[in-house]
Amino acid sequence: MTATDPTPTDTADSWAHQASATPHAHESSATPHAHESSATPHAHESSATPHAHESSATPHAHESSAMHRIGLLVRDARRHHGLTQAQLAERLGTSQSAIARIEQGGQNLTLDLLGRLSEALEHELFSVGSAGPTHLRVTGGTPLRGSVVVKSSKNAAVALLCAALLNRGRTTLRNVARIVEVDRILDVLRSIGVSATWDATGRDLTLVVPDELDLAGIDADAARRTRSIIMFLGPLLHRAPHFDLPYAGGCDLGTRTVEPHMIALRPFGLEVEARAGRYSAVITPAGTADRTIVLTERGDTVTENALLAAARTDGTTTIRNASSNYMVQDLCLYLQLLGVGIDGLGTTTLVVRGRPVLDADVDYTISEDPVEAMSLLTAGIVTGSELTVCRAPVEFLEVELAVLAEMGLRYALSPEYLADNGHTRLADVTISPSQLRAPIDKIHPMPFPGLNIDNLPFFAVIAAAATGSTLIHDWVYDNRAIHLSDLTRLGADVRLLDPHRVLVTGPTHWSSAEVVCPPALRPAVCILLAMLAAKGTSVLRNVDIIARGYEQLYERLVEMGACIEVFRD
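Quick caveat: nothing in here was measured; it's all calculated off a predicted structure.

Engineer: Can you walk me through the overall build of the protein in this structure?
Structural biologist: The number of helices and strands found in the protein is 18 helices and 24 strands. Taken over 569 residues, the protein has a buried fraction of 54%. Taking the contacts inside the protein whose residues are at least 6 apart along the sequence as the reference set, 74% of them involve residues at least 24 apart. Only carbon and sulfur atoms are counted for the fraction: they give 51% of the accessible area of the protein, which is about 22200 Å².

Engineer: So what exactly am I meant to see when it comes to the environment of Val504 here?
Structural biologist: Tracing the backbone through its elements, the reader meets Val504 in strand S21 (residues 501–506). Put simply, Val504 and Thr488 are 16 residues apart on the chain and 9.9 Å apart in space, counted from C-alpha to C-alpha. Discounting chain neighbours no more than four positions away, the residues touching Val504 are Ala460, Ala463, Ala464, Gly468, Ser469, Thr470, Ile472, Asp493 and Val494.

Engineer: How do you make sense of the nonpolar core when you look at a structure like this?
Structural biologist: One recurring pattern in soluble globular proteins: nonpolar side chains tend to sit buried together. Core analysis: the largest hydrophobic core is formed by 159 residues, its most contacted members being Phe232 and Ile546. By residue number, the principal contributor to this core is helix H17 (residues 521–533), which donates 11 residues. Leave out the neighbours within four places in its chain, and Phe232 touches Cys162, Leu165, Ile185, Val188, Leu189, Ile192 and Leu245. Core analysis: the next-biggest nonpolar cluster, separate from the first, contains 16 residues, Val74, Ile99, Leu109 and Leu113 among them.

Engineer: What's the story with helix H3 (residues 85–92) in this structure? I'm lost.
Structural biologist: Counting along an α-helix, one turn takes 3.6 residues, and residues three or four places apart therefore face a common direction. Within H3 the residues assigned to the buried category are Gln85, Leu88, Ala89 and Leu92. Along the long axis of H3, the arc covered by the buried residues comes to 105°, so they all point the same way. Remark: Gly93 follows H3 within two positions and exhibits a positive phi of approximately 70°.

Engineer: Looking at this structure, I do not really get the packing of helix H15 (residues 456–464) against H17. What am I missing?
Structural biologist: Their axes nearest at 9 Å, the elements H15 and H17 cross at an angle of 25°. As far as their axial angle goes, H17 and H15 are roughly parallel. The two elements H15 and H17 meet at a crossing, and its hand is right-handed. Where H15 abuts H17, its residues Pro457, Phe458 and Val461 lie against Arg522, Pro523, Val525, Cys526, Leu529 and Ala530. Grouping the constituent residues of the contact of H15 with H17 by class yields 8 nonpolar, no polar and 1 charged.

Engineer: Please explain the environment of Leu173 as it appears in this structure.
Structural biologist: Here Leu173 is to be found in strand S4 (residues 170–174). For the pair Leu173 and Thr206, spaced 33 residues apart in sequence, the C-alpha separation works out to 6.4 Å. With near-sequence residues (within four places) excluded, Leu173 lies in contact with Leu160, Leu161, Arg203, Asp204, Leu205, Leu207 and Tyr364.

Engineer: Looking at this model, I keep getting lost on the side chain of Gln85. Mind explaining?
Structural biologist: Positionally, Gln85 belongs in helix H3. Looking at Gln85, its side chain comes within polar contact range of the side chain of Glu103, at 2.9 Å.

Engineer: It is not clear to me how the packing of aromatic side chains should be interpreted in this structure. Could you clarify?
Structural biologist: Where two aromatic rings form a pair, the distance of their centres and the angle of their planes describe that pair. This structure, assessed with the given rule, holds 2 aromatic pairs. Taking 4.9 Å as the distance between ring centres and 45° as the angle between the ring planes, the aromatic pair formed by Phe396 and Phe448 counts as tilted. Highlighted residues: Phe396 in the loop between strand S15 (387–392) and helix H14 (398–406) and Phe448 in the loop between strand S18 (425–432) and H15, separated in sequence by 52 residues. Given a relative accessible area of 15%, Phe448 falls into the buried group.

Engineer: Sorry, what's going on with the sheet that holds strand S13 (residues 349–354) here?
Structural biologist: Hydrogen bonds between backbone groups are what pair the strands of a sheet, and the pairing can be parallel or antiparallel. If you trace the 4 strands from one edge of the open sheet to the other, you get S10-S11-S13-S12, paired in mixed fashion. Looking along the sheet, the strands with just one partner apiece sit at the ends: strand S10 (291–294) and strand S12 (341–343). Going from strand to strand, the sheet's axes swing by 15° on average, the running direction of each strand aside. In the packing of helix H11 (residues 300–311) onto the sheet, the strands contacted are strand S11 (315–320), S12 and S13, and the crossing angle to S13 comes to about 25°.

Engineer: I would appreciate a short explanation of the confidence of the model for the protein in the present structure.
Structural biologist: Should pLDDT be low for a region, the predicted coordinates there are not to be read in detail. Within the protein, residue pLDDT values average 85, and 85% of them lie at 70 or more. Low pLDDT, under 50, characterises residues 1–64; the stretch is placed with 129 contacts to residues that sit more than four places away or in other chains. Scored below 50 in pLDDT, residues 249–256 shows 19 contacts in the model against residues more than four places distant or in partner chains.

Engineer: Where do I start with the sheet that holds strand S5 (residues 195–198) in this structure?
Structural biologist: Reading across from one edge, S5-S6-S4-S14 is the order of the 4 strands in this open sheet, with mixed pairing throughout. Each edge of the sheet is formed by a strand with only one pairing partner; in this case those strands are S5 and strand S14 (362–365). Neighbour-to-neighbour, the strand axes of this sheet turn through a mean angle of 20°, independent of strand direction. Pairing between S5 and strand S6 (residues 205–208): 4 bridges, direction antiparallel. Across the sheet, Trp198 pairs through a bridge with Leu205, a residue of S6. In this fold helix H7 (residues 180–191) packs onto S5 and S6, with an angle of close to 135° to the strand it touches most, S5.

Engineer: Any chance you could explain the environment of Arg275 here in plain terms?
Structural biologist: Here Arg275 is to be found in strand S8 (residues 270–275). C-alpha of Arg275 to C-alpha of Tyr247: the two residues are 28 residues apart in sequence and 9.9 Å apart in space.

Engineer: What is the right way to look at the pattern of salt bridges in this model?
Structural biologist: Pairing is possible between side chains of opposite charge, provided their charged atoms come close. Within the structure shown, the criterion is met by 20 salt bridges. Asp361 is the partner of Arg170 in a salt bridge, and the nearest nitrogen-oxygen pair spans 3.6 Å. One end of the pair, Arg170, is in strand S4; the other, Asp361, is in the loop between S13 and S14, and 191 residues separate them in sequence. The partner of Glu398 in a salt bridge is Arg425, with the nearest N and O atoms 2.8 Å apart. Placement of Glu398 in helix H14 and of Arg425 in strand S18 is noted, with a sequence separation of 27 residues between them.

Parameters and conventions
- Throughout, residues of each chain are indexed from 1 in the direction in which the sequence is written.
- At least 70 in pLDDT is required for a residue's local features to be given in this predicted model, at least 80 for side-chain atom pairs to be given and counted, and no such filter applies to totals for whole chains, interfaces and linings, which use all residues.
- Note that water and hydrogens are dropped before the side-chain values are worked out from all heavy atoms of the structure.
- Comment: elements are numbered from the N terminus, with helices defined as DSSP H or I runs of at least four residues and strands as E runs of at least two.
- Categorising residues by exposure relies on relative accessible area from a 1.4 Å probe, with only protein chains included: less than 20% of the type maximum marks a residue as buried, more than 50% marks it as exposed, and the intermediate range marks it as partly exposed.
- We call two residues contacting when some pair of their heavy atoms lies within 4.5 Å.
- Per-residue and other accessible areas follow the Shrake-Rupley method at a 1.4 Å probe size, with only the shown protein chains counted as cover for residues.
- As used in this record, nonpolar core signifies buried Ala, Val, Leu, Ile, Met, Phe, Trp, Tyr and Cys residues forming a set joined through side-chain atoms within 4.5 Å.
- Think of the arc as the fan of directions from the helix axis to the C-beta atoms.
- Helix axes are fitted to C-alpha atoms over the stretch in contact, other axes to C-alpha atoms as well, and angles between N-to-C directions run from 0 to 180 degrees.
- Under this scheme an angle from 65 to 115 degrees is roughly perpendicular, one under 35 degrees roughly parallel, and one over 145 degrees roughly antiparallel; angles in between are oblique.
- When the near helix sits turned anticlockwise from the far one by under a right angle, the crossing is termed left-handed; a clockwise turn instead gives a right-handed crossing.
- Throughout this entry, Asp, Glu, Lys and Arg are counted as charged residues, while Ala, Val, Leu, Ile, Met, Phe, Trp, Tyr, Cys and Pro are counted as nonpolar. The remaining residues, Gly among them, count as polar.
- Throughout this description, a polar contact denotes any pair of N or O atoms lying within 3.5 Å of each other; where both atoms belong to protein, one of them has to be capable of donating a hydrogen while the other can accept it, and for residues adjacent in sequence the pair is counted only when both atoms sit in side chains.
- Working definition: a ring pair exists when centres of Phe, Tyr or Trp rings (six-membered ring for Trp) sit within 6.5 Å. Plane angles under 30 degrees give stacked, over 60 give edge-to-face, the rest tilted.
- Two strands pair if DSSP finds at least two bridges between them.
- Scored from 0 to 100, pLDDT reflects the predictor's confidence in each residue.
- We define a salt bridge as a contact between a side-chain nitrogen of Lys or Arg and a carboxyl oxygen of Asp or Glu at a distance within 4 Å.

Printed below as a string of structure tokens:
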């Protein structure tokens, strides 16, 4: 729904309409107004009375235009807060010219953008029915076509945002994923005093960290909504002798997901206790110049935390049983730009030569996301499509492609080329409609270079399209396999053997259904992809979790021929 019809009776949102409402899509066509170019509010901006040069028409002349009325509300709320258009644009991660168009009623508005405006202005500007969850209406059974470009890694972006806290200089991150998880980390960073500014395209982000962080002012709500907050421990142990950090519920110390971090960080003098929803951290300077850390779990975020702690610790740190996964490699490449010496990139032993002071203006482009690439490949496979997935990081998909080849998938790879970070190997993957068969052995994840744990759920959807029975063993996560049984709602034969194993028998004659989105990101996407294969119209409810890890997924599927409609109750 656009702002031209903000009534609650018409709640369907065509994704094609939403694409045109994205602020960045129009930014190149507008010229910022000279009177709004200053970062300091002008005298005429403090007045609540509209000025002739801001709009050539009075509000009364445009009462029939909902967009114009919303534009006036935005303008008045902005002035009430003493903000220029440029300052509001920075809060939204868009351009000043986009704000100018909004205030003049010349910008189509999505519900998401309306909500972000209200949040940025700390004022509920309007109400569109009840603020219910987002749902999808999917009409499936038709092949996809054409090509799609893989976007940058969400997990790498989160790690690099945390790593920027180490740098006294300016960090510019290019090709940053515009997803909810990134926004939450940015909310936390801004709340402690970090300047984070998007460029006019909304793709590149510049971060400047102050000499003193306002840790007492941390946005606790944003911090508790992301488990990535645990990666603040490594950088912050260099910034204060003690600090408190809000943490996400269900992430208690002593559990499998948190204790490995403590094992990795204690050699740097960090001790942490959990108190009333906060990590209470105390740092005692370590007495040795060199240290060897053996990680008890080859986890990605555990390795990243150890790297973040080692980067500004004088001496040599050897990290054994380290993850060599894609986001860890991105982090290592960034730290090397800062002047940190790192040997063993891409292996399970990292030797880090830290520097107490890191002060450099660096520019780094984040590599492409192999999990998104696998998601898009799966969309093409289950719909029987001829499809090209461009800029796929094949270095981190080799086992997945080998398993797919064993299952009978016909695909071709372009010659390899390097990502913009100068290191990651990319290729374009073209898949063709194939008669799939179940693999002889079970499918299970392993640390890189094995099959990625985040890619495992997609094989449940693929196995449902194959002839025969496939055993999928998710030994890492408790109960995630349970969510894959939701595929039975769409006609799949999925037997839950235990909380870690499912037996999938195909081929499936997919049928449409209404399903509530599971509370796990990858299984949620699996349900959506199965709906693309099912003839008829399906409804997937409560899909907000998908926006946590995917950028404009529905829009890009629509561009390939999918029929997806976004709506709210």
